[in-house]
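Spelled out, the chains give:
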Amino acid sequence: MKRFAWLLAALLAYVGLAFGGVNINSATQEQLESLNGVGPVKAKAIIEYRQKNGRFKTLEEIKNVNGIGDATFEKIKGDIMLTGTTVVPKSDKPMEKAEKKVDAAKEKVVEKKAATQEKATDTKEKAKEKMADTKEKVKEKAADTKAAVKEKAADTKAAVKETAADAKGAVKQKTADTPKEKADAKKEAEKSKADAKKEAEKSKADARKQAEATKADAKKVAAKEKADAKKEAAKEKADEKKEAAAKKKKEDDEKKK
């Protein structure tokens, strides 16, 4: 009886080795990748799901793993189990190996595309943030220039007022003088007033000119930063395209071998 039980156990072990099976609760990533339609990304997802949620209770639960739907489950349900030792039979089917390689390549492409999109979004956000900072700096500089112009205009106005007051005082002081001296004093006061007005207009024009130059410089800086950001984004995109082309060439060369 014992001998029969031993023979039965040996027979079952042999059958398990012959057909093979992957224990989805203990299989390594490499063992999971041996399943039809499961590449590196899906194998990693199975392990991560297992670590987070514990052992699989049913075979159908594997469909909760990201990337494994009904189609993949139909391919692997005959090769997976919940208990026992994982046994991966050596495949003599070249087509099956080729299919696995294609699936793995597809998964890599999808993963790379997601990473590229994420990187492009980050670059766009950085450019947008930089533009906002530049705009704020331009606004701040314009406000400072405006305040300086206003202050200078106020000083000039005060100086004109003071000059006019001095001239008026001089005229008033000379009222007792001769008509000629009175006329000269009036003429001198008018001249001082005209000079002060002229100086005020010149100061105002200089301040306006300075404000326009500052605004133009700020606009130029903003345009340069925008162009640099655009150039940087284009360079990153070109580098990614170049890298993808080199990787594809390498894969094509390996397939030819």
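Note that the structure is predicted; figures quoted are calculated from it, not measured.

Rules used throughout
- Residues numbered from 1 in each chain as written.
- Predicted model: local features only at pLDDT ≥ 70, side-chain atom pairs only at ≥ 80, totals over all residues.
- Heavy atoms only, no water.
- Helix = DSSP H or I, 4+ residues; strand = E, 2+ residues; numbered from the N terminus.
- Buried < 20%, exposed > 50% of the residue type's maximum accessible area, 1.4 Å probe, protein only.
- Contact = heavy atoms within 4.5 Å.
- Expected span 1.5 Å × (residues − 1).
- Salt bridge = Lys/Arg side-chain N within 4 Å of Asp/Glu carboxyl O.
- Core = buried A, V, L, I, M, F, W, Y, C linked by side-chain atoms within 4.5 Å.
- Patch = residues over 30% accessible without salt bridge, like charges linked within 9 Å, V, L, I, M, F, W, Y side chains within 5 Å.
- Areas by Shrake-Rupley, 256 points an atom, 1.4 Å probe, with all protein chains shown as cover.
- Lys, Arg positive; Asp, Glu negative; His and termini not counted.
- Charge placed at Lys NZ, Arg CZ, Asp CG, Glu CD.

Caption draft 1: Geometry of the side chain of asparagine 23. Its location among the elements puts asparagine 23 in strand 1 (residues 22-23). With relative accessibility at 4%, the residue asparagine 23 sits in the buried group. Dropping the residues within four chain positions of it, asparagine 23 is found in contact with Met81, Leu82, Thr83, Gly84 and Thr86.

Caption draft 2: Spatial organisation of helix 6 (residues 179-256). End to end, helix 6 covers 115 Å across 78 residues, agreeing with the expected 116 Å (1.5 Å per residue, within 8%). Taken as a whole, helix 6 has its buried residues at Ala185, Ala189, Ala196, Ser203, Ala207, Thr214, Ala218, Ala222, Ala229 and Glu240.

Caption draft 3: Structural detail: the pattern of salt bridges. The final tally for this structure, using the stated rule, is eight salt bridges. For the salt bridge of aspartate 228 with lysine 224, the shortest nitrogen-to-oxygen distance reads 3.1 Å. Placement of the pair is aspartate 228 and lysine 224 together in helix 6, with a separation of four residues, close to one helical turn. Residue aspartate 228 is classed as partly exposed on the basis of its relative accessible area, which comes to 35%. Of the residues examined, lysine 224 reaches a relative accessible area of 53% and is grouped as exposed.

Caption draft 4: Region of interest: helix 3 (residues 40-53). Between its first and last C-alpha atoms helix 3 spans 20 Å; for 14 residues at 1.5 Å apiece the expected length is 20 Å, and the two agree. Buried within helix 3 we find Lys42, Ala43, Ala45, Ile46, Ile47, Tyr49 and Arg50. Looking one or two residues beyond helix 3, the residue adopting positive phi is glycine 54, at roughly 85 degrees.

Caption draft 5: Looking closely at the nonpolar core. Counting residues in each nonpolar core, the largest one holds 18 residues, and the members touching the most others are Leu32, Leu35, Ile46, Phe56, Ile62, Val65 and Ile80. Every element with two or more residues in this core is listed here: helix 3 and helix 4 (70-76). If we skip the residues at most four places from it in the chain, valine 65 touches Ala45, Ile46, Tyr49 and Phe56.

Caption draft 6: Spotlight on a negative patch on the surface. Taken together, Glu118, Asp122, Glu125, Glu129, Asp133, Glu136, Glu140 and Asp144 make up a surface patch of like negative charges. Among the secondary structure elements, glutamate 118 is positioned in helix 5 (residues 94-173). The class for glutamate 118 is exposed, based on a relative accessible area of 54%.

Caption draft 7: Structural detail: the environment of lysine 106. Along the chain, lysine 106 turns up in helix 5. For lysine 106, a relative accessible area of 53% corresponds to the exposed category. Along the sequence, lysine 106 and glycine 39 sit 67 residues apart, while their C-alpha atoms lie 9.0 Å from each other.

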